[in-house]
Amino acid sequence: MNQNNLNSRSISNFFHLVPDIPESFLTESFEISNQCREKIIYNQRISTLLPLFQSKNFQLNIYNKNKYKKQNVILNNSLFQDPIDALSVVTPQQIQFISNLANYITTNPETMIQALQNILIQSVKKENSKIQRQERYNDFLLLCYSAIPSFFGFFSTNEHLNSAFSFFCTVVSSGTSNLTMQIVKHCLLPFYCNGCTYRFIESVFDKFGTPYCHDPRFHTDSKNKRINISAFLDLKAEEKIILLFRDEYLKSFINAIVESYPLLPQPHQFLIKFMKVRGWTNENVLYFFIHDFVLTQISNIMKSTPFSMHYEHFSTFFVKLVETEIKKETNFQNIFGPLLNLFLNAKSYFEVPSAYNIFDLYYMQILTTTSDVKVILNSIIEASKINNGVINIPE
């Protein structure tokens, strides 16, 4: 008996050396990869929604009073709470309908563009009250920054990017009128301002932002709140800052973008090139890419650093300088010529990782809310593109 106990104890010492059944490894790997995909899409949703919450035109106090009162609550809570399992609150028939709606939007981008145009026109109609105009503009922003990106998985994987690519090509091709340019700008910003472009933005900040943040000439005296630039005593404080930016930092900023541009994913590079092909002016292309995209992202990074006065100078004076230089004809090619040439000939060295095809999965996950579905349905119905009363989406 003692011998048997001894043998059992000896055998148990070797259990950790015996490999598990391969199927259990596969199951565990599948569960971990699925959790990873869900975490990525949750985080991408937060990064995509942040510009919406930062927008001065998205007035939450007015938005609470309209028929989408619960949307604001859902949007705010989504940043801090995990989404509820869809199957516990939504029926399989409704999930099937949402899947069909997502496919409809993907394959009919012209419909969505017309719906956006209709909402944007309603937001400026003088016949509507101020609150009504604000409500319509809030709907427009919600569509651009939340609802439409949600149907493309918030661009969280290579498969989602490929799915969204043709949609945004159609958006870029929709025209160059002032109305259309507003739609294109707000639709494209979520596509660019997310984790897909972080390598590019971080590289630009490393080459430009780090040296700038450590420049002692921008050290602020707490008494007079001005920078110490003794070489320009005959100029006003603002002129001193702008002159310093123009002479020493504007060119290095453009060079940082040029050197980092290969880190921008190929779909994002192609859309910039496609803007030129579709007749966008150099001013419009540069204003979107540099002002709306790069400067916004660099400002967000700089704002999170301890260099608060460097951020204030950058977000106020440097942004103003770039706006002025883009609109000027003199010295335009000297400053922006290398970047404009790069737009047409660049190659990308960075690819957003695949998360479905590599595992032989023939589906893609999306993360959406009833508010996203409702605002898309209502906008399409209002534009008279599909029949009313297709399905009742629950609150």
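Residues numbered from 1 in each chain as written. Predicted model: local features only at pLDDT ≥ 70, side-chain atom pairs only at ≥ 80, totals over all residues. Heavy atoms only, no water.

Novice: Got a minute to help me understand the overall build of the chain in this structure?
Specialist: Check the secondary structure of the chain and you find 16 helices and zero strands. Across the 395 residues that make up the chain, the buried fraction comes to 45%. In the chain, the proportion of contacts linking residues at least 24 apart, taken out of those at least 6 apart, comes to 78%. If you sum the accessible surface of the chain, you get close to 21,000 Å²; carbon and sulfur atoms cover 53% of it. (Helix = DSSP H or I, 4+ residues; strand = E, 2+ residues; numbered from the N terminus. Buried < 20%, exposed > 50% of the residue type's maximum accessible area, 1.4 Å probe, protein only. Contact = heavy atoms within 4.5 Å. Areas by Shrake-Rupley, 256 points an atom, 1.4 Å probe, with all protein chains shown as cover.)

Novice: What exactly am I supposed to notice about the packing of helix H8 (residues 158–172) against helix H12 (residues 266–277) here?
Specialist: Helix packing for two helices is described by the angle between their axes and how far apart those axes are. Closest axis-to-axis distance for the H8/H12 pair is 10 Å, and the angle between their directions is 15 degrees. With respect to H12, the axis of H8 lies roughly parallel. Along this stretch, H8 crosses H12, giving a crossing that reads as right-handed. From H8, Leu161, Phe165, Phe168, Cys169 and Val172 reach across to H12, where they touch Pro267, His268, Phe270, Leu271, Phe274 and Met275. (Axes fitted to C-alpha atoms, helices over the stretch in contact; angles between N-to-C directions. Parallel < 35°, antiparallel > 145°, perpendicular 65-115°, else oblique. Left-handed = near helix turned anticlockwise from the far one by under 90°.)

Novice: I would appreciate a short explanation of the packing of helix H6 (residues 109–122) against H8 in the present structure.
Specialist: Contact pair H6 / H8: the axes reach a minimum separation of 9 Å and the direction vectors enclose 50 degrees. In terms of orientation, H6 lies oblique with respect to H8. Crossing geometry of H6 relative to H8 is assigned as right-handed. Along its contact with H6, which presents Pro109, Glu110, Met112 and Ile113, the element H8 presents Phe167, Thr170 and Val171. A class-by-class count of the residues in the contact of H6 with H8 yields five nonpolar, one polar and one charged. (Nonpolar A, V, L, I, M, F, W, Y, C, P; charged D, E, K, R; others polar.)

Novice: How do you make sense of unusual backbone geometry when you look at a structure like this?
Specialist: For residues besides glycine, phi is generally negative; the peptide bonds are generally trans as well. If you check the backbone angles, Phe154 has positive phi at about 50 degrees while not being a glycine. Summarising the element assignment, Phe154 is placed in the loop between helix H7 (130–151) and H8. Residues other than glycine seldom take positive phi values, yet Asp360 does so here, at roughly 60 degrees. Here Asp360 shows up in the loop between helix H15 (332–345) and helix H16 (370–382).

Novice: Before we go on, may I ask you to explain helix H9 (residues 178–192) in this structure?
Specialist: For an α-helix, 3.6 residues make a turn, and residues three or four places apart therefore share a direction. Look at H9: 21 Å from first C-alpha to last across 15 residues, which is about the 21 Å you get at 1.5 Å a residue. For H9, the buried fraction is high: 11 of the 15 residues fall into the buried class. (Expected span 1.5 Å × (residues − 1).)

Novice: Is there a simple way to explain the packing of aromatic side chains in this structure?
Specialist: For any pair of aromatic rings, geometry is given as the distance between the ring centres together with the angle between the planes. This structure, assessed with the given rule, holds 34 aromatic pairs. A centroid spacing of 6.4 Å and a plane angle of 90 degrees characterise the contact between Phe200 and Tyr261, whose relative ring orientation is edge-to-face. You can see Phe200 sitting in helix H10 (residues 198–213) and its partner Tyr261 sitting in the loop between helix H11 (237–260) and H12, a full 61 residues away along the chain. Considering the side-chain rings of Tyr212 and Phe245, the 5.6 Å spacing of their centres and the 45 degrees angle between planes classify their relative orientation as tilted. (Phe/Tyr/Trp six-rings, centres within 6.5 Å; stacked < 30°, edge-to-face > 60°.)

Novice: Before we go on, may I ask you to explain the side chain of Thr157 in this structure?
Specialist: Relative to the helices and strands, Thr157 resides in the loop between H7 and H8. Among the polar contacts made by the side chain of Thr157, one reaches the side chain of Glu159 at a distance of 3.2 Å. Among the polar contacts made by the side chain of Thr157, one reaches the side chain of His160 at a distance of 2.8 Å. When residues no more than four places from it in sequence are discounted, the contact partners of Thr157 are Val352, Pro353, Ala355 and Tyr356. (Polar contact = N/O pair within 3.5 Å; in protein donor to acceptor, adjacent residues only side chain to side chain.)

Novice: In this structure, what is going on with the side chain of Arg37? I would like to understand it.
Specialist: By the element assignment, Arg37 lies in helix H2 (residues 22–54). Among the polar contacts made by the side chain of Arg37, one reaches the main-chain carbonyl oxygen of Ala355 at a distance of 3.0 Å. Not counting chain neighbours up to four residues away, the residues in contact with Arg37 comprise Phe30, Ala355, Tyr356, Phe359, Leu361, Tyr363 and Gln365.

Novice: Sorry, what's going on with the environment of Pro262 here?
Specialist: Summarising the element assignment, Pro262 is placed in the loop between H11 and H12. Overall, the relative accessible area of 18% leaves Pro262 in the buried class. Sequence separation of Pro262 and Tyr349 is 87 residues, and the distance between their C-alpha atoms is 5.4 Å. Residues within four places of Pro262 in sequence aside, it is in contact with Gln269, Lys347, Ser348, Tyr349 and Phe350.

Novice: Which parts of the structure should I look at to understand the confidence of the model for the chain?
Specialist: When pLDDT drops low, the exact placement of atoms in the prediction is not to be read closely. Residues with a pLDDT of 70 or more make up 78% of the chain, whose mean pLDDT is 79. A low-confidence stretch, residues 60–81 stays under pLDDT 50, and its non-local contacts, those more than four residues away or across chains, total 38 contacts. Long-range and interchain partners of residues 386–395, a stretch whose pLDDT sits below 50, account for 21 contacts in this model, where long-range means more than four residues apart. (pLDDT = per-residue confidence, 0-100.)

Novice: How should I be thinking about the pattern of salt bridges in this particular structure?
Specialist: Counted under the stated rule, the structure contains five salt bridges. The partner of Lys207 in a salt bridge is Glu259, with the nearest N and O atoms 3.8 Å apart. Of the two residues, Lys207 is situated in helix H10 and Glu259 in helix H11; the sequence distance between them amounts to 52 residues. Linking Glu325 and Arg246 is a salt bridge whose minimum nitrogen-to-oxygen distance equals 3.3 Å. Here Glu325 is found in helix H14 (residues 308–327), whereas its partner Arg246 is found in helix H11, with 79 residues between them in sequence. Judged by relative accessible area, Glu325 falls into the buried class, the value being 3%. Each of Arg136, Asp139 and Glu382 takes part in a single network of salt bridges with overlapping partners. (Salt bridge = Lys/Arg side-chain N within 4 Å of Asp/Glu carboxyl O.)

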